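Analysis of the macromolecular model
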Amino acid sequence: MARYIVEVMPKPEILDPQGKAIGAGLDRLGFSGFAVRQGKRFELEHDGEPTPEVLEQVKKAAETLLANTIIEDVVGVYPAEDGAK
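These remarks concern the structure in this document. All figures in this text were calculated on a predicted structure; none of them were measured in a lab.

As for the side chain of E72
- Within the element layout of this structure, E72 appears in strand β3 (residues 72-79).
- What E72 contacts, discounting residues up to four positions off in sequence, is V8, M9, P10, K11, K40, L66 and A67.

Considering the pattern of salt bridges
- Scanning the model with the defined rule gives 4 salt bridges in all.
- In this structure, K40 engages E72 in a salt bridge whose closest nitrogen and oxygen atoms are separated by 3.2 Å. Of this pair, K40 sits in strand β2 (residues 40-46) while E72 sits in strand β3, and the two are 32 residues apart along the sequence.
- Under the relative-accessibility criterion, K40 is labelled partly exposed at 35%.
- Assessed through its relative accessible area of 12%, E72 is described here as buried.
- Residues E43 and R41 are paired through a salt bridge, measuring 2.8 Å at the closest nitrogen-oxygen approach.
- Exposure remark for R41: the relative accessible area of 52% places this residue in the exposed category.
- Several salt bridges share partner residues, and in doing so they unite R3, R41, E43 and E45 into one network.

About the criteria used
- Numbering of residues starts from 1 in each chain and follows the order in which that chain's sequence is written.
- Where totals are concerned, whole chains, interfaces and linings use all residues; where local detail is concerned, this predicted model gives features only for residues with pLDDT of at least 70, and gives and counts side-chain atom pairs only at 80 or more.
- Heavy atoms from the whole structure form the basis of all side-chain values; hydrogens and water molecules are not counted.
- The helix count covers DSSP runs of H or I at least four residues long, the strand count covers runs of E at least two residues long, and both are numbered beginning at the N terminus.
- Note on contacts: a residue pair is in contact if any heavy atoms of the two residues lie within 4.5 Å.
- Note on definitions: salt bridges are taken to be side-chain nitrogens of Lys or Arg within 4 Å of carboxyl oxygens of Asp or Glu.
- Each residue is placed in one exposure class: buried if its accessible area under a 1.4 Å probe, protein chains only, is under 20% of its type's maximum, exposed if it is over 50%, and partly exposed if it falls in between.

Here it is in C-alpha cells:
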C-alpha cells in the first residue's frame, strides 16, 4: 500500500481570513513578523506500489475533486516519505 500527500493552497489573489486570524494570533502570542496562508493537506492511500501512473491519477483526482481550482491551486502531490505506515 502506498500513501500520497496532496497539498492545496488558496491562490495568491484570494483573501485568506483564516490565515490572517492565525497570523494575528501568533502576533498576540509574541511571534511577530509571520504572514500565514491556511491550506489543506490530504493523504490518499492506494493498494499497490507507488508508480508514475498512480501518481498521475492522484494529480488528476486532486485537480478534479480535492481543490476548488477557481480559488485554490494544487501545490504538491507526492508519495509520502514514510510509505503507508
